[in-house]
Amino acid sequence: MTDASPFVLSPGQLNMTDLHSLWQAPRRVELDPACGGAVDDAARVVAEIVREGRTVYGVNTGFGSLASTTIAAKQLSELQRRLVMSHAAGVGAPLSGRVVRLILLLKINALARGHSGIRRQVIDALLALLNADALPVIPAKGSVGASGDLAPLAHLAAVLLGEGEATLGGVRQPAEEVLRKLGMEPIELAAKEGLALLNGTQVSTALALEGLFAGVDVFAAALTAGAMSVDAMLGSDTPFDPRIHEVRGQPGQIVVARLMRELLDGSEIRASHLDCDRVQDPYSLRCQPQVMGAVLDTLETAAITLLREANAVSDNPLVFPEQGEVLSGGNFHAEPVAFAADALAVALSEIGSLSERRTALLVDAHMSALPAFLVAEPGLNSGFMIAQVTAAALASENKILAHPAAVDSLPTSANQEDHVSMAAHAARRLSDIAWNCGHVVAIELLAAAQGIDLRRPLRTSPRLAEALTAVRERAAFLEQDRIMAPDIAAVFELVAAGHFGQALSDTAGTSILACVAP
């Protein structure tokens, strides 16, 4: 654990800063003791149902299309075990450690709210795994995002039974061995507990949160790159005048215009062409507040939805101890997450689309009044020619990845589950989109830095000079052709590490993460 101070989890009270921090690095988590009573009360309701012999879905019945089958009391523990074992049918590469930590956190958060009918010892076991950084090996594929993320959560739950695999100290090993090393015994599940562990949207939500966090970093980098491109292209700052944006009233647009003004403030390059005869800049320069503002608003809306879901009780059936009732509904249906993920996919793809167009302007000598492809002796040197092609390839790939997932549905479980959200892969593809987009923006940062350097002895603004320095610390000015892949990779690492979000916070007084945190 990287932080010595524990994080105290009050169920249902996570905020976006908590989630981002716990996603970034492992930290010891402790449950607020005040939640214990609600957990015990719900478990007591389930135990009373079993004792009284009442038939309640999920407690003493089969599941899905087998819900009408009643199971004898003596078989209930075995029922839950078999449920977990049969549902552990995921395929593909394992989810990342960061995502699995988030899944564990979200599952603990949901179960500890006291509506799942699960005993405290099961929640404590999940907490022990999280705090030991003993991470279940969860295949990435197999959820359709309804009835919960059944297959991936079954792989998580199986570890509690001593089945499947987990990583401990970064080493993948049998779950039984991991439990032994942690001094834990495999759990014998009580009535409803397997279903409570498997039902829920925690996998889809964790994946979508990771996409959101990566998207915020790309967004911040793209704002900086866009401002650098405006300066390198001898663009105007008039389109960022606050009066233009206030009369439209779109909040994200107003924020982005302000950031662009602050980033460009004090540029010698801008001052050099105040009286030029250019009437208007291309849209990819002057419409950045309108496009990136819409992206910011979308990030914020998605963050609100995902934060609600991170704090939600999304298994089924649900226990309401005050009334002694167990109600069967459909909170496991991940449509809100799917919608949020689809919106994020479109927004992130647009960041890359706009960024690639600015790079295309920079390499075009007719548009930029800079050397062709931003290099001396064009013809002998190809300069940024193929870097822009790479950006175009990635931006175009994102168009395919951004196709909405939520409009698709395939019935499952013998048509009992006849409409599903597809939220898991709606969310999972966000990391690929953000990765592509981050590289598109890294290429623009390199091209814009080259363009600004070619404007010397004129200097850019103080804030953009800091960004230029950060780029130059990782990639030198392109004097003549060299292999550019290492430069792109190095600047992408800056993007992915959140450098530009921090820089905006430090220099412009605005935290991009705070912009998307409700």
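Residues numbered from 1 in each chain as written. Predicted model: local features only at pLDDT ≥ 70, side-chain atom pairs only at ≥ 80, totals over all residues. Heavy atoms only, no water.

Caption draft 1: Quick peek at the packing of aromatic side chains. A complete count under the given rule lists 2 aromatic pairs for this structure. With centroids separated by 5.1 Å and ring planes inclined at 45 degrees, the aromatic side chains of tryptophan 23 and phenylalanine 213 adopt a geometry described as tilted. Residue tryptophan 23 is found in helix α1 (residues 16–24), and its partner phenylalanine 213 is found in helix α9 (residues 202–232); the two are separated by 190 residues along the sequence. The buried category is assigned to tryptophan 23, whose relative accessible area is 6%. Sitting above the plane of the tryptophan 23 ring, arginine 98 keeps its charged end 4.0 Å from the centroid. (Phe/Tyr/Trp six-rings, centres within 6.5 Å; stacked < 30°, edge-to-face > 60°. Helix = DSSP H or I, 4+ residues; strand = E, 2+ residues; numbered from the N terminus. Buried < 20%, exposed > 50% of the residue type's maximum accessible area, 1.4 Å probe, protein only. Lys NZ or Arg CZ within 6 Å of the ring centre and 35° of its normal.)

Caption draft 2: Highlighting the pattern of salt bridges. In the structure shown here, the tally under the stated rule is 21 salt bridges. Linking arginine 44 and aspartate 41 is a salt bridge whose minimum nitrogen-to-oxygen distance equals 2.7 Å. Of the two residues, arginine 44 and aspartate 41 are both situated in helix α2 (residues 36–52); the distance of 3 residues between them amounts to about one turn of the helix. Among the residues examined, aspartate 41 registers a relative accessible area of 33% and is labelled partly exposed. One salt bridge in this structure joins glutamate 78 and arginine 82, with 2.8 Å as the shortest N-O distance. Taken together, the residues span about one helical turn, with glutamate 78 and arginine 82 both in helix α3 (residues 76–87) at a distance of 4 residues. Within the structure, one salt-bridge network assembled from shared partners comprises Asp453, Arg456 and Arg472. (Salt bridge = Lys/Arg side-chain N within 4 Å of Asp/Glu carboxyl O.)

Caption draft 3: Molecular detail of the sheet that holds strand β4 (residues 135–136). The strand order across the open sheet built from 3 strands is β4-β6-β7, with neighbouring strands paired in antiparallel fashion. The sheet is open, and its two edges are formed by β4 and β7 (171–174), each paired on a single side. Pairing between β4 and strand β6 (residues 165–168): 2 bridges, direction antiparallel. In the sheet register, proline 136 faces β6, and the bridge partner there is alanine 166. (Pairing = 2+ DSSP bridges.)

Caption draft 4: Quick peek at the side chain of threonine 201. Take threonine 201: it is sitting in the loop between α8 (193–198) and α9. Judged by its relative accessible area of 1%, threonine 201 falls in the buried class. Among all residues touching threonine 201, those that are not within four sequence positions of it are Asp149, Glu309, Ser314, Asn331, Phe332, His333 and Ala334. (Contact = heavy atoms within 4.5 Å.)

Caption draft 5: Structural view of the packing of helix α17 (residues 385–401) against helix α18 (residues 423–454). Running from amino to carboxyl end, α17 crosses α18 at an angle of 155 degrees, the nearest separation of the two axes being 9 Å. In terms of their interaxial angle, α17 and α18 are classed as roughly antiparallel. Taken as a pair, α17 and α18 cross one another with a handedness that is left-handed. Listed contacts from α18 to Ala387, Thr390, Ala391, Leu394, Ala395, Glu397, Asn398 and Leu401 of α17 are Arg429, Asp432, Ile433, Asn436, Cys437, His439, Val440 and Ile443. Of the residues that constitute the contact of α17 with α18, the class distribution is 9 nonpolar, 4 polar and 3 charged. (Axes fitted to C-alpha atoms, helices over the stretch in contact; angles between N-to-C directions. Parallel < 35°, antiparallel > 145°, perpendicular 65-115°, else oblique. Left-handed = near helix turned anticlockwise from the far one by under 90°. Nonpolar A, V, L, I, M, F, W, Y, C, P; charged D, E, K, R; others polar.)

Caption draft 6: Region of the structure containing the nonpolar core. Leu19, Leu197, Leu212 and Ile351 are the most contacted members of the largest nonpolar core, which totals 166 residues. Broken down by element, the residue count for this core peaks at 19 residues, all from α9. Apart from the residues lying within four places of it in its own chain, the contact partners of leucine 197 are Lys107, Leu111, Ile118, Val122, Leu126, Leu153, Ala157, Leu160 and Leu189. (Core = buried A, V, L, I, M, F, W, Y, C linked by side-chain atoms within 4.5 Å.)

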